[in-house]
Amino acid sequence: TPLRPRDGISAYSIFLHLKRNYNIFVTPNGGDLRDRLFRVGHIGNLSIDDTKVLIQALHEMSKEGLI
């Protein structure tokens, strides 16, 4: 599922922040879409709790003004 950050925030910077600070791995895009979209997996061994962890991390990033 692709997600597009609002307000010109780099999707790649979100990917890096989630990876480095939360050990959460979303899928970055390459090429022209690198800074415009990232993808959240929905195939594989993912649970509702995994999704909740991602949502909480995104909320924290929002409170910090990162997204």
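Our structure is the block above this text.
Calculation criteria
- Within each chain, residues carry numbers counting from 1 in the order of the written sequence.
- Since the coordinates come from a predicted model, pLDDT governs what is reported: local features require at least 70, and pairs of side-chain atoms require 80 or more to be given and counted, while whole-chain, interface and lining totals use all residues.
- Heavy atoms throughout the structure, all of them, feed into the side-chain values; hydrogens and water do not.
- Each Phe, Tyr or Trp ring, with Trp reduced to its six-membered ring, pairs with another whose centre is within 6.5 Å; inter-plane angles below 30 degrees give stacked pairs, above 60 give edge-to-face pairs, and intermediate values give tilted ones.
- Think of it this way: any DSSP run of H or I at least four residues long counts as a helix, any run of E at least two long counts as a strand, and we number them from the N terminus.
- Charge-over-ring contacts are defined here by two conditions on Lys NZ or Arg CZ: a distance within 6 Å of the ring centre and an angle within 35 degrees of the ring normal.
- Under the rule applied, a polar contact is a pair of N or O atoms within 3.5 Å (in protein, one hydrogen donor and one hydrogen acceptor; residues adjacent in sequence only if both atoms are side-chain atoms).
- Throughout, a residue-residue contact means that at least one pair of heavy atoms, one from each residue, lies within 4.5 Å.
- Among buried residues, those of type Ala, Val, Leu, Ile, Met, Phe, Trp, Tyr and Cys that are joined through side-chain atoms within 4.5 Å constitute a nonpolar core.
- Summary of the burial criterion: residues with accessible area below 20% of their type's maximum are buried, those above 50% are exposed, and those between are partly exposed, where the area comes from a 1.4 Å probe applied to protein chains only.
- Residues are called lining when one of their atoms sits within 4 Å of a cavity or pocket point, these points coming from a 1 Å grid over the protein atoms alone, where a cavity is a set in which a 1.4 Å probe fits but cannot get out and a pocket is an open set with protein on both sides within 12 Å along at least five of seven lines.
- Grid points are joined across faces, edges and corners, and a volume is the space filled by probe spheres set on the points.
- Polar here means any residue other than Ala, Val, Leu, Ile, Met, Phe, Trp, Tyr, Cys and Pro, which are nonpolar, and Asp, Glu, Lys and Arg, which are charged; Gly is therefore polar.

With that out of the way, let us pick up the packing of aromatic side chains. Going through the model one piece at a time under the given rule, you end up with one aromatic pair. Summarising the aromatic geometry, the rings of Y12 and F15 are spaced 5.3 Å apart at their centres and angled 45° between planes, so their arrangement reads as tilted. Here Y12 pairs with F15, and both are found in helix α1 (residues 11–22), just three residues apart, close to one helical turn. The ring of Y12 has R34 sitting right over it, with the charged end atom 3.7 Å from the ring centre.

Looking at where N29 falls in the secondary structure, it is placed in the loop between β2 (27–28) and β3 (38–39). A distance of 2.9 Å separates the side chain of N29 from the side chain of R39, its partner in a polar contact. Contact partners of N29, with chain neighbours within four places excluded, come to R34, L37, F38 and R39.

Turning to the nonpolar core, a few remarks are in order. Listed in full, the 12 residues of the largest apolar core are A11, I14, F15, L16, L18, I24, V26, F38, L54, A57, L58 and M61. Among the secondary structure elements, those contributing two or more residues to this core are α1 and α2 (48–63). Per-element tally for this core: the top contributor is α1, with five residues. Setting aside chain neighbours within four positions, we find M61 in contact with I14, H17, L18, Y22, L66 and I67.

This part covers the layout of surface pockets. Here the largest pocket defines a volume of roughly 270 Å³. Residues that form the lining of the largest pocket fall into these classes: seven nonpolar, three polar and two charged. Every residue lining the second largest pocket is listed: L3, R4, P5, R6, I9, I14, F38, L58, H59, S62 and I67. Per-element tally for the lining of the second largest pocket: the top contributor is α2, with three residues. Grouping the constituent residues of the lining of the second largest pocket by class yields seven nonpolar, two polar and two charged.

Read these as geometric descriptors, not functional statements.
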